[in-house]
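Here are the chains, one letter per residue:
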Amino acid sequence: MNIGVDLGGTKLAVGTAESLQIITTPATSRGIVAAIEELTGEAQGIGICVAGRVDLQNGSTFAAQLPQLHGVPLLKHLSRPGRRVTLLNDADAAALAEHQFGAARGTHTSLYVTVSTGIGSGLVSQQRLYQGYRGQAVELGHAGGPGQQRCPCGRIGCIDISASGTAITRSARTLLGDPNVPVDILAQLAAQGHSGIGQIVRQAAEDLAPFLGNACVLFDPQVIVMGGGVVLGYGELYLDALRRALVASLGQWHIPEIRVAQLGKQAGILGALQSLE
Ligand SMILES: [Zn+2]
């Protein structure tokens, strides 16, 4: 049997498409390895997706939310004869799941982009997930633009800084003069036609669009699947601005259809399982 693991900074989910167990992510790497061992039992395949970068050369992960795993050879700790273990970025897992079972099912090549706390992405072509030499995802959020701000990743001008859900929330709260407005209230205000928040949301979509355009020119996706909290929260307000700006960005190039992700939070586990196929 194969089991999927969705390893996040606060929650560790283990299971299959049918059943899922969720625990608090242990504070130590030993604790994480022990929990995965215990919850996966005698599974012959363990697919692990993680919020952050993976390094398949070392079998390790590098995620800001999981400092306890920095440099830890997770794959080595979990591997044993007769068991296959895969490790992939969580946006890559979602990209794979949406391609196989969700919004991009039946398409040739799909680019998945999630705009949430950060911006993540993954590329799947003909059922095959693109992973680089180190197993890294196609990290659109850390493609550099004209911005001059330094990203926590160390690069300058990453689109993640200005167009992520975190950036939208920060700008909207500043506009309202209240640093504690809940995110769902911001979405509600936008839906009711709050022009200032609407402008912030549209601007974030317009800022991301040229990066999506670059990805279209580079990878020629048939569809783009958009997921994450910003798309869920702001819906057509965000997507309409994104579509318009993408069309403007692509000129005479083919404009792929933009679809909304279908699998939600389950995408990670489904993709992690799929990575074992
Ligand atoms: Zn960055």
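Residues numbered from 1 in each chain as written. Predicted model: local features only at pLDDT ≥ 70, side-chain atom pairs only at ≥ 80, totals over all residues. Heavy atoms only, no water.

Colleague: What is the right way to read the overall build of the protein chain from this model?
Modeller: Regarding its fold elements, the protein chain presents nine helices and 12 strands. Over its C-alpha trace the protein chain gives a radius of gyration of 19 Å, about what one expects of a compact globule, namely 19 Å for 277 residues. By the burial criterion, 51% of the 277 residues in the protein chain qualify as buried. Counting only contacts in the protein chain whose residues sit at least 6 apart along the sequence, the fraction spanning at least 24 positions is 63%. Carbon and sulfur atoms make up 52% of the accessible area of the protein chain, which amounts to about 13,300 Å² in all. Computed over 19 positive and 20 negative side-chain charges, the separation of the two mean positions in the protein chain equals 5 Å. (Helix = DSSP H or I, 4+ residues; strand = E, 2+ residues; numbered from the N terminus. Rg over C-alpha atoms; globule rule 2.2 N^0.38 Å. Buried < 20%, exposed > 50% of the residue type's maximum accessible area, 1.4 Å probe, protein only. Contact = heavy atoms within 4.5 Å. Areas by Shrake-Rupley, 256 points an atom, 1.4 Å probe, with all protein chains shown as cover. Lys, Arg positive; Asp, Glu negative; His and termini not counted. Charge placed at Lys NZ, Arg CZ, Asp CG, Glu CD.)

Colleague: So what exactly am I meant to see when it comes to the pairing of strand β8 (residues 109-115) here?
Modeller: Both faces of the sheet carry side chains from a regular strand, because those side chains alternate between them. When you tally the buried positions in β8, you get seven out of seven residues, the bulk of the element. A two-sided burial pattern is seen for β8, the buried positions comprising T109, L111, V113 and V115 on one face and S110, Y112 and T114 on the other. Bridge analysis of β8 against strand β9 (residues 119-125) gives seven bridges, and the strand direction is antiparallel. Bridge pairing in β9 links S110 to V124. The turn joining β8 and β9, which pair antiparallel and follow one another in sequence, is formed by three residues. As paired elements, β8 and strand β11 (residues 223-227) share five bridges and run parallel to each other. Across the sheet, L111 pairs through a bridge with I224, a residue of β11. (Pairing = 2+ DSSP bridges.)

Colleague: For this particular structure, what's the right way to read the coordination of the zinc ion?
Modeller: Metal coordination angles in their ideal form are 109.5 degrees for the four-donor tetrahedron and 90 or 180 degrees for the six-donor octahedron. With distances of 2.0 to 2.4 Å, the protein atoms coordinating the zinc ion are H142 (ND1), C151 (SG), C153 (SG) and C158 (SG). Read in sequence order, the donor residues coordinating the zinc ion give the pattern H-x8-C-x1-C-x4-C. Exposure remark for H142: the relative accessible area of 23% places this residue in the partly exposed category. Here C151 falls in the buried class, since its relative accessible area comes to 5%. (Donors = N, O, S within 2.8 Å, 3.2 Å for Na, K, Ca; no water.)

Colleague: Teacher, can you tell me more about the pattern of salt bridges here?
Modeller: Any two side chains of opposite charge can pair, given that their charged atoms come close. A full pass over the atoms with the stated rule returns five salt bridges. Taking the shortest distance from any N to any O, the salt bridge between R259 and E257 comes out at 3.1 Å. Here R259 falls in the partly exposed class, since its relative accessible area comes to 25%. Given a relative accessible area of 42%, E257 falls into the partly exposed group. (Salt bridge = Lys/Arg side-chain N within 4 Å of Asp/Glu carboxyl O.)

Colleague: Would you mind going over the domain arrangement of the protein chain with me for this structure?
Modeller: A common way to state how big an interface is: give the accessible area lost once the parts meet. As far as domains go, the protein chain holds domain 1 (2-92 + 266-274) and domain 2 (105-261). Here the C-alpha centroids of domain 1 and domain 2 sit 26 Å apart. Between domain 1 and domain 2, roughly 930 Å² of surface is buried when both sides are summed, and carbon and sulfur atoms account for 50% of that area. The interface formed by domain 1 and domain 2 includes two residue pairs in polar contact (both at pLDDT 80 or more). Counting residues per element, the ones that place at least two in the side of domain 1 that touches domain 2 are β5 (53-55), β7 (84-89) and α3 (90-100). The residue inventory of the side of domain 1 that touches domain 2, partitioned by class, reads five nonpolar, two polar and three charged. (Domains from an automatic or database assignment. Buried area = accessible area lost by both parts, 1.4 Å probe. Polar contact = N/O pair within 3.5 Å; in protein donor to acceptor, adjacent residues only side chain to side chain. Nonpolar A, V, L, I, M, F, W, Y, C, P; charged D, E, K, R; others polar.)

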